[in-house]
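Okay, here's what each chain looks like letter by letter:
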Amino acid sequence: MNFRLVAATALAATASASLAQDLNNPQFFTNDMSEFGWQRQETNSTFWAWSSYSSVAGPNLPNGGGFPVPIPSDFLLPTVYDVSPFALVTSGGNLYSFANPVEINVDIPNYDLGEGFETVIVLQALFNGAQFVAVDENLMPLETAPVTIDGVEADEVRVLRNDGLEPGSQFGGAQQEVLLRWTLPGNASGYSIEVRPPFSSTSFADATIDTFVREAVDDGCTRTDISGDGVVNISDLFAYINAFTSSDQSAEFDGNGVLNISDLFAYINAFTGCP
């Protein structure tokens, strides 16, 4: 069996849902990525959505929408799976365990554009059962959500909805919708998101993942590293001063095309601001 062909066919069947996810329960998931700097189906974006799962170990391909579709031949396959013991698929298609917390992995493909770019990843997920993120009365998270990408915690965590449980409660019929955002340096061929609820009896339900690749913003430190060794130190300062006093055009630093004292000041300002 050509699994990639089967996967591409399955994803193609969800193409009509690629702009608005076809999910069952979430009330506050957003389809509008404009606040993060793009819209779905833009060049260098991806979108994957799940409304249910059929297997604990996977693969569970997106069944709520996808982009790009058909999936490019050089892409990894997007999938969700649970690596915890005793996990099961509920009658509603959620990943769940009453004996221990679920350990969800979400693997997603990307464009492998490498350095010089940065990758924004937005995960929205619905959790049922025990509370996933403890919140205060204003829905502000009381602690960092246990979700990482290659060990990196999210830059932003939002609780979009919190029904049914008080902070610290474990068992019951809570529903939480959570949004997490990362901005990661570079762009890889794929990313693995690890979702680790703190309690048992928390089920992983509907989920969407959007990604966007954009050129990295140069904070000045890349150009300040004259030696190119990845470290900005006093030797770079001396190298710049030598170039500047020699009227070397490479010392033109402020971007106006003219080498003068403002370039020296601009370099020193950037140098002092670099780690």
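Here the residue pair Phe67 and Pro68 is connected by a cis peptide bond, since its omega of 0 degrees sits within 30 degrees of zero. Mapped onto the secondary structure, Pro68 falls in the loop between strand S2 (65-67) and strand S3 (79-82). Here the bond from Val69 into Pro70 is cis, since omega is 0 degrees, no more than 30 degrees from zero. With respect to the helices and strands, the residue Pro70 is situated in the loop between S2 and S3.

Right, let's get into helix H3 (residues 234-245). Its 12 residues place the ends of H3 17 Å apart at the C-alpha level, agreeing with the 16 Å of an ideal helix rising 1.5 Å per residue. For H3, the full list of buried residues reads Asp236, Leu237, Tyr240, Ala243 and Phe244. One side of H3 carries all its buried residues, which in axial view fall inside an arc of 130 degrees. Exposed side chains of H3 directed beyond 90 degrees from the buried face belong to Phe238 and Thr245. Each element contacted by the buried residues of H3 is listed here: helix H2 (221-224) and helix H4 (261-272). Just beyond H3, the residue with positive phi is Ser247, at close to 60 degrees.

This paragraph deals with the environment of Val83. The residue Val83 is located in the loop between S3 and strand S4 (88-89) in this model. Along the sequence, Val83 and Val102 sit 19 residues apart, while their C-alpha atoms lie 7.6 Å from each other. Every residue in contact with Val83, bar those within four places of it in the chain, is listed here: Glu103 and Arg196.

Tallying each qualifying case throughout the model produces 7 salt bridges. Across the salt bridge formed by Glu35 and Arg158, the nearest N and O atoms sit 2.6 Å from each other. Residue Glu35 is found in the loop between helix H1 (3-12) and strand S1 (45-50), and its partner Arg158 is found in strand S10 (residues 156-163); the two are separated by 123 residues along the sequence. We classify Glu35 as exposed; its relative accessible area is 51%. Between Asp163 and Arg161 there is a salt bridge, and its shortest N-O distance comes to 2.7 Å. On the basis of relative accessibility, which here comes to 33%, the residue Asp163 falls in the partly exposed class.

So, on to the pairing of strand S6 (residues 104-109). As a general feature of sheets, a regular strand has side chains that alternate between the two faces. Where burial is concerned, most of S6 is hidden: 5 out of the 6 residues are buried. Bridge count between S3 and S6: 4 bridges; the pairing is antiparallel. Of the residues in S6, the one forming a bridge with Tyr81 is Asn105.

The subject of this paragraph is the packing of H3 against H4. The N-to-C vectors of H3 and H4 enclose an angle of 175 degrees; their axes lie 11 Å apart at closest approach. Viewed along their axes, H3 and H4 adopt a mutual orientation that is roughly antiparallel. Here Ile234, Asp236, Leu237, Tyr240 and Phe244 of H3 lie close against H4, whose contacting residues are Ile261, Asp263, Leu264, Tyr267 and Phe271. Taken together, the residues that form the contact of H3 with H4 break down as 8 nonpolar, no polar and 2 charged.

So, on to the sheet that holds strand S12 (residues 190-195). Strand order in the open sheet made by the 5 strands is S3-S6-S12-S8-S9, with antiparallel pairing throughout. The open sheet is flanked by S3 and strand S9 (152-153), the only strands paired with a single partner.

Among the surface-exposed residues, Ile234, Phe238 and Ile241 lie close enough to one another that they form a single nonpolar patch of about 280 Å² accessible area. Note that Ile234 resides in helix H3.

Once that is clear, we can look at the environment of Ala243. Its location among the elements puts Ala243 in helix H3. Accessibility expressed as a relative area gives 16% for Ala243, which makes it buried.

This part takes up the confidence of the model for the protein chain. Detailed reading of the predicted model is not advised wherever pLDDT is low. Within the protein chain, residue pLDDT values average 85, and 84% of them lie at 70 or more. Contacts from residues 15-21, a stretch scored under 50 in pLDDT, to residues over four places away or in other chains number 22 contacts.

Reading the values: rules and limits
Residue indices follow the written sequence of each chain, beginning from 1 at its first position. In view of the model being predicted, local features appear only for residues whose pLDDT reaches at least 70, and side-chain atom pairs are presented and counted only at 80 or more, with totals across whole chains, interfaces and linings using the full set of residues. Only hydrogens and water are set aside; all other atoms, that is, all heavy atoms of the structure, feed into the side-chain values. For the purposes of this entry, the term helix denotes a DSSP run of H or I that reaches at least four residues, the term strand denotes a run of E that reaches at least two, and both are numbered from the N terminus. An expected span of 1.5 Å times one less than the residue number is assigned to each helix. Partly exposed describes any residue whose relative accessible area lies between the buried limit of under 20% and the exposed limit of over 50%, with all areas from a 1.4 Å probe on protein chains only and scaled to the type maximum. The directions from the helix axis to the C-beta atoms form the arc being described. Between two residues, a contact is recorded if the distance between any of their heavy atoms is within 4.5 Å. Any Lys or Arg side-chain nitrogen found within 4 Å of a carboxyl oxygen on Asp or Glu counts as a salt bridge. Pairs of strands are assigned from DSSP output, requiring at least two bridges between the strands. Only the stretch in contact is used when fitting a helix axis, every axis being a line fitted to C-alpha atoms; angles between N-to-C directions are given from 0 to 180 degrees. Working rule for angles: under 35 degrees goes down as roughly parallel, over 145 as roughly antiparallel, 65 to 115 as roughly perpendicular, anything else as oblique. When residues are sorted by character, Ala, Val, Leu, Ile, Met, Phe, Trp, Tyr, Cys and Pro go into the nonpolar class, Asp, Glu, Lys and Arg into the charged class, and all the rest, Gly among them, into the polar class. Patch criteria: residues need more than 30% relative accessible area and no salt bridge. Like-charged residues are merged within 9 Å; nonpolar side chains of Val, Leu, Ile, Met, Phe, Trp and Tyr are merged within 5 Å. Per-residue accessibility takes into account occlusion by the displayed protein chains alone, with areas from the Shrake-Rupley method and a 1.4 Å probe. You can read pLDDT as the predictor saying how much it trusts each residue, on a scale of 0 to 100.

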